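Topology and contacts: notes
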Amino acid sequence: MNRGTWLLGRLAQIVPSFLFIGVAVFVLARLLPGDPVSAMLGDHATDATLARLTAQLGLDRSIPVQLMQFLGGVLRGELGDSIAYRIPVARLIAERLPATVLLTLLSVAIALALAVPLAFVAALNANRWPDLLIRFVFQIGLSTPIFYVGLLLLTVLAAWAHLFPVGGYGDGWRAHLWHLFLPALTLALSFAAVLMRSLRGAVLDVINAEFVDFARSKGLRARVLLGRHVLRSAMIATVTLVGLHVGSLLGGAVITESVFAVPGVGRLMVESIFARDYPVIQALTLVLAVFVSLALLATDIVQMWLDPRVGR
Amino acid sequence: MRAWLPLGTGLLILTAFLVMAVIPESIAPYDPLGFDFAALLAEPSAEHIFGTDQFGRDILSRTIAASRIDLQIALFAMLGPLLIGSVIGLLVGWFGGWADALFGRLADIVVTFPFLVLVIAIVAVLGPGLINMYIAVSCVGWVVYARLMRGEVRIQAQADYVAAARVLGYSTARILLRHVLPNAVRPVLVYAVTDMALAILTGSSLGYLGLGAQPPTAEWGVLIADGRNFFTTAPWISLAPGVAIVLAGLGFSLTGDGLQALLDVKR
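For chain B, the count of helices and strands is 10 helices and zero strands. Each helix and strand of chain B, placed in order from N terminus to C terminus, yields the pattern α-α-α-α-α-α-α-α-α-α. Over its C-alpha atoms, taken along the principal directions, chain B stretches across nearly 75 × 45 × 25 Å. Out of the 267 residues in chain B, the part that is buried amounts to 51%.

Encoded structure:
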């Protein structure tokens, strides 16, 4: 099998995934307790208004027809209107998405800056004190909930030391980065713990691998060995890990945005739950799941490019 | 040594929490619900080691009282996925065929859903609360257990003792329940212990967001959310429940790591 065929096969896999995501979100929306129309209009709506909105939303048709209409709407980018904001959901999400994307990217950058060097230090000193110390600290990091880390950073660095704003998003991209630093650090700390653990294992595997023994027996110096062979394999492992964790990062963003009042899609999701804004919840679940599938696809493509074994 | 140190430390921590969960009233210095208007938002002191909240309730006593709910969350948010996943994994691993192929595709797709986002979406539909949270976690979390169990069952199915049991003419149900399951269940149970640490994180996160345990209930995430409103004036409110979550999480993951090394289970 050559790489082109492999890539095409991988791209084809995304179609059933998207279909499943669409059907799952539709089923989720149908599980709503009670009738969505009365939930939208409240208790005081007249029967005529109820019937009109029911027909307008297509809820008087059969379930398969509704499913096809829903999927067709999604393909055209029509996600319905928000009940709370009274604007199209697609526009609402487009307004809120940049903050979340920036937060996630920033946190990945911070997490990599923390985890990659520390993973190397830990792996090269395996089972000696630097390794044990790093692993102990990150073990505590793994057991600490994101909202608690956020609250601690907020209290110490924002409220006491006044080094950072206590929340919000600011105006202009420099202000955005400034406001998002603490939330991104919060998200990064929990991700760095996961990343460090797996990366340390990956580096250890490579150091103990036969091809490294071979290179060493050829007389390659340690630095060349580390740079050329170990780093490359570790990079493949890192890309895979980042890709696999986009989902948990987005889940973490929901919590972080709530702690720091960042106007992103995560906070929108929590707000929509309390506002019973079901079209928004439905669309966000869809958008985030599609986002994660695309991230996994991108990961596989980057991996193919980095790792000569993939797709051959 | 590599197994006993984490296992011992983990079990010690968990025992302490278990005692707190069973007899909180004998350990807590104050009534967790007792208002004290003479000591509103009192700083940590000899009388109130972790301070008091806006109603003068003792934070330490509330944190101890909450361990009952949080251990319950750890147990039930693990048990639902464990039971559903194990049954499905056992069946598709043993029978294979189209059900196995379908499971493989379904599992691949479910893991692409962001776990917490999906749990939150399901809680949103069902309504906030502990029971709905267990249902939501079970709907999403079973896949990991099913994958683990399926892999183990497929290994055991090749074993000589299974062939012997077949020759003896035992029924499929008997082979599965009496022979395959006991041999395949070990890695699943070890994972379940580690998973309880994740369950506490998920449960307290939903509690913090207001989607899990509901406010009059003392739950660590809910207690921390209470403290958020006073984080500039009374930051001590969130300290004790936060430390409790970290310790409980450490307890479960150390116990899990220890068991994994002791039983020589490979991930």
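Continuing now.
On a plain count of helices and strands, chain A comes out with 13 helices and zero strands. Sequence-ordered secondary structure for chain A, helices as α and strands as β, is α-α-α-α-α-α-α-α-α-α-α-α-α. A principal-axis box enclosing the C-alpha atoms of chain A has dimensions of 85 × 60 × 35 Å. Counting all 312 residues of chain A, 37% fall into the buried class. Considering only contacts in chain A between residues 6 or more positions apart, those separated by 24 or more positions represent 71%.

As a further point, take the interface of chain B and chain A. Contacts between the two partners involve 32 residues from chain B, matched on the other side by 36 residues from chain A. Of all the secondary structure elements, the ones that give two or more residues to the side of chain B that touches chain A are α5 (115-126), α8 (172-209), α9 (220-228) and α10 (239-262) of chain B. In terms of residue count, α5 of chain B provides more of the side of chain B that touches chain A than any other element does, eight residues in total. Its residues placed into classes, the side of chain B that touches chain A shows 22 nonpolar, nine polar and one charged.

Residues and elements named next belong to chain B. Tracing the chain through its elements places I49 in the loop between α2 (24-27) and α3 (59-95). Residues I49 and W236 lie 187 residues apart in sequence; the distance between their C-alpha atoms is 9.9 Å. Among residues more than four places away in sequence, those in contact with I49 are P44 and L60.

It is worth spelling out the confidence of the model for chain B at this point. Residue and element names in this part refer to chain B. Of all residues in chain B, 99% attain a pLDDT of 70 or more, and the chain-wide mean is 89. Averaged pLDDT values over the elements of chain B bottom out at 85 in α5 and peak at 94 in α3. Scored as a whole, the predicted complex attains pTM 0.87, and scored at its interfaces, ipTM 0.87.

So, on to helix α4 (residues 63-75) of chain A. A rise of 1.5 Å per residue sets the reference length of α4 of chain A, with its 13 residues, at 18 Å; its end C-alpha atoms lie 18 Å apart and thus fit the reference within 8%. G77 of chain A lies just past α4 of chain A and shows a positive phi near 80 degrees.

Attention shifts here to the packing of helix α6 (residues 129-143) of chain A against helix α8 (residues 173-207) of chain A. In helix packing, the relevant descriptors are the interaxial angle and the interaxial distance, both defined with respect to the helix axes. Residue and element names in this part refer to chain A. It is at 8 Å that the axes of α6 and α8 come closest, and there the two elements cross at 130 degrees. In terms of axis orientation, α6 runs oblique to α8. Our pair here, α6 against α8, has a crossing hand that is left-handed. In this structure, α6 uses F138, G141 and L142 to contact α8, whose residues at the interface are L189, S190, A193, V194, M196 and R197. In the contact of α6 with α8, the residues fall into six nonpolar, two polar and one charged.

Residues and elements named next belong to chain B. Relative to the helices and strands, A225 is located in helix α9. The class for A225 is buried, based on 22 C-beta atoms found within 10 Å. Sequence separation between A225 and T172 is 53 residues, and the spatial gap between their C-alpha atoms is 51 Å.

What follows deals with the packing of helix α5 (residues 89-124) of chain A against helix α11 (residues 246-260) of chain A. Residues and elements named next belong to chain A. Running from N to C, α5 and α11 point in directions that differ by 115 degrees, and their axes come no closer than 10 Å. The angle between α5 and α11 falls in the class roughly perpendicular. In this structure, α5 meets α11 at a crossing whose hand is right-handed. Judged by residue contacts, T100, L103, T104 and S107 of α5 engage L249, L250, A253 and T256 from α11.

Before going further, it helps to examine the nonpolar core. Among the nonpolar cores identified, the biggest contains 162 residues, and A192, L199 and L284 of chain A together with V119 and I120 of chain B are the most heavily contacted of them. No other element matches α8 of chain B, which puts 18 residues into this core. Apart from the residues within four sequence positions on either side, I120 of chain B is in contact with V254 and M269 of chain A together with L211 of chain B.

So, about the environment of D195 of chain B. Locating D195 of chain B in the fold gives a position in helix α8. A tally of 23 C-beta atoms within 10 Å means that D195 of chain B is categorised as buried.

Next up on the list: the confidence of the model for chain A. A residue-level look at chain A finds 92% of positions with pLDDT of 70 or above and a mean pLDDT of 83. For chain A, per-element mean pLDDT is lowest for helix α2 (residues 36-41) of chain A, which scores 65, and highest for α5 of chain A, which scores 91.

Before going further, it helps to examine unusual backbone geometry. Backbone geometry places N127 of chain A, a non-glycine residue, at a positive phi of 65 degrees. When you line up the elements, N127 of chain A lands in the loop between α5 and α6. By the C-beta count within 10 Å, which is 9 here, N127 of chain A ends up exposed. A positive phi angle, near 45 degrees, is found at L41 of chain B, a position not held by glycine. Following the sequence through the fold, L41 of chain B ends up in the loop between α2 and α3. For L41 of chain B, a count of 15 C-beta atoms within 10 Å gives the class partly exposed.

All right, on to α5 of chain A then. Here α5 of chain A is 36 residues long and its end C-alpha atoms lie 50 Å apart, about the 52 Å a rise of 1.5 Å per residue gives. Along its length, α5 of chain A shows its largest kink, about 35 degrees, at R96 of chain A, and proline P98 of chain A lies within four residues downstream of that point.

About the cut-offs
Residues numbered from 1 in each chain as written. Chains lettered and ligands numbered in written order. Predicted model: local features only at pLDDT ≥ 70, side-chain atom pairs only at ≥ 80, totals over all residues. Helix = DSSP H or I, 4+ residues; strand = E, 2+ residues; numbered from the N terminus. Buried ≥ 20, exposed ≤ 12 C-beta atoms within 10 Å, placed from the backbone. Contact = placed C-beta atoms within 7 Å. Nonpolar A, V, L, I, M, F, W, Y, C, P; charged D, E, K, R; others polar. pLDDT = per-residue confidence, 0-100. Expected span 1.5 Å × (residues − 1). Axes fitted to C-alpha atoms, helices over the stretch in contact; angles between N-to-C directions. Parallel < 35°, antiparallel > 145°, perpendicular 65-115°, else oblique. Left-handed = near helix turned anticlockwise from the far one by under 90°. Core = buried A, V, L, I, M, F, W, Y, C linked by C-beta atoms within 7 Å. Bend = angle between axes of the 7 residues up to and from the residue.

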